[in-house]
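# Chain and residue survey
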Amino acid sequence: MESSMAILALVLNLYHEARGEGPEGMRVIADTVYTRVHDGRWPNTYTGTILQDNQFAWVEEQGIQEPTDLITLQQRVLHSKSTTPKDLLAYKQATKIAKEVLSEGYKPRYNFTHFYSKSKPYWAVGKRKTRIGHHSFIRM
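Residues numbered from 1 in each chain as written. Predicted model: local features only at pLDDT ≥ 70, side-chain atom pairs only at ≥ 80, totals over all residues. Heavy atoms only, no water.

### Thoughts on the pairing of strand E3 (residues 135-138)
- Across the two faces of E3 the burial is the same, with His135 and Phe137 and Ser136 and Ile138 all buried.
- Relative to E3, strand E1 (residues 114-116) is paired through three bridges, and the arrangement is antiparallel. Counterpart to Tyr116 in the pairing with E3 is Ser136.
- Sheet topology note: the strand E2 (residues 130-132)/E3 ladder contains three bridges and is antiparallel. Bridge pairing links Thr130 to Phe137 in E3.
- Between the end of E2 and the start of E3, which pair antiparallel, lie two residues, with Gly133 showing a positive phi angle near 60°. (Buried < 20%, exposed > 50% of the residue type's maximum accessible area, 1.4 Å probe, protein only. Helix = DSSP H or I, 4+ residues; strand = E, 2+ residues; numbered from the N terminus. Pairing = 2+ DSSP bridges.)

Here it is, written out as structure tokens:
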């Protein structure tokens with residue numbers, strides 16, 4: 001079982017990347033992070049992979065630089081007056097999925113290494129993609 005910081009990093013990643021997509025959207029994002037953690041091109045921890053520079057836009061947008069910044073962000077998410085019941089449900093779903101992914105013996109359904117949600121980035125040009133929810137996924 002991963003540390004509580006790894007769970008928090010994965011929960012916040014799922015929440016920020018796919019909170020409007022429900023459990024299946026969160027699951028494919030979680031599997032993508034799982035695939036990266038088990039691929040030598042990325043750090044071999046969930047926290048390291050999620051906080052690696054230029055990987056997830058929300059990390060930069062929220063000013064996350066250290067793992068401890070995740071605790072502050074969690075407090076803002078859970079205690080903000082602008083957090084809706086729908087947001088809290090998404091956070092709860094993200095927590096459940098993160099714990100599943102980090103449990104011993106977990107087997108991912110997908111093996112994507114990259115995804116994007118808006119305009120196609122330069123690294124995705126010419127690559128075969130799979131569209132799931134609001135994201136396009138690629139194996140590279």
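Now that the structure has been shown, we can carry on.
### Overview of the nonpolar core
- Among the nonpolar cores identified, the biggest contains 40 residues, and Leu10, Leu14, Tyr46, Ile50 and Trp58 are the most heavily contacted of them.
- Every element with two or more residues in this core is listed here: helix H1 (4-18), helix H2 (22-37), helix H3 (46-51), helix H4 (57-61), helix H5 (69-79) and helix H6 (85-101).
- Broken down by element, the residue count for this core peaks at ten residues, all from H1.
- With near-sequence residues (within four places) excluded, Trp58 lies in contact with Ala9, Leu12, Asn13, His16, Glu17, Ile50, Ile64, Leu70 and Leu73. (Core = buried A, V, L, I, M, F, W, Y, C linked by side-chain atoms within 4.5 Å. Contact = heavy atoms within 4.5 Å.)

### A few points about the packing of H1 against H6
- Where H1 meets H6, the closest approach of the two axes is 8 Å, and the angle between their N-to-C directions is 130°. Considered as vectors, H1 and H6 are oriented oblique to each other. Between H1 and H6 lies a crossing whose hand is right-handed. Note on element contacts: H6 touches H1 through Asp87, Ala90, Tyr91, Ala94, Thr95, Ile97, Ala98, Lys99 and Val101, opposite Ile7, Leu8, Leu10, Val11, Leu12, Leu14 and Tyr15.
- Within the contact of H1 with H6, the residues separate by chemical class into 13 nonpolar, one polar and two charged. (Axes fitted to C-alpha atoms, helices over the stretch in contact; angles between N-to-C directions. Parallel < 35°, antiparallel > 145°, perpendicular 65-115°, else oblique. Left-handed = near helix turned anticlockwise from the far one by under 90°. Nonpolar A, V, L, I, M, F, W, Y, C, P; charged D, E, K, R; others polar.)

### So, H1
- In a regular helix each residue adds 1.5 Å, so 15 residues correspond to 21 Å; H1 covers 21 Å between its end C-alpha atoms and thus fits that length.
- Judged by how many residues are buried, H1 sits mostly within the fold: twelve of 15 residues are covered.
- Among all positions of H1, only Ala6, Ile7, Leu8, Ala9, Leu10, Val11, Leu12, Asn13, Leu14, Tyr15, Glu17 and Ala18 are buried. (Expected span 1.5 Å × (residues − 1).)

### Quick notes on H5
- Every buried residue of H5 is listed here: Leu70, Leu73, Gln74 and Val77. Across the axial projection of H5, the buried residues extend over an arc of 105°, all falling on one side.
- The secondary structure elements touched by the buried residues of H5 are H1, H3, H4 and H6. (Arc of directions from axis to C-beta.)

### Overview of the sheet that holds E2
- Taking strand neighbours across the sheet as the criterion, the three strands line up as E1-E3-E2 in an open arrangement whose pairing is antiparallel. The open sheet terminates on both sides in strands that have one partner only, identified here as E1 and E2. Taking the axes of each pair of neighbouring strands and ignoring which way they run, one obtains an average angle of 30° across the sheet.

### Details of the packing of H1 against H5
- One can describe the packing of H1 onto H5 by two numbers: an axis separation of 10 Å at closest approach and a directional angle of 50°. Relative to H5, the element H1 is oriented oblique. The interaxial crossing formed by H1 with H5 has left-handed handedness. Of the residues in H5, those in contact with Met5, Leu8, Ala9, Leu12, Tyr15 and His16 of H1 are Leu70, Ile71, Leu73, Gln74 and Val77.
- Among the residues making up the contact of H1 with H5, the classes are represented as nine nonpolar, two polar and no charged.

These results come straight from atomic positions and should not be treated as a statement about function.
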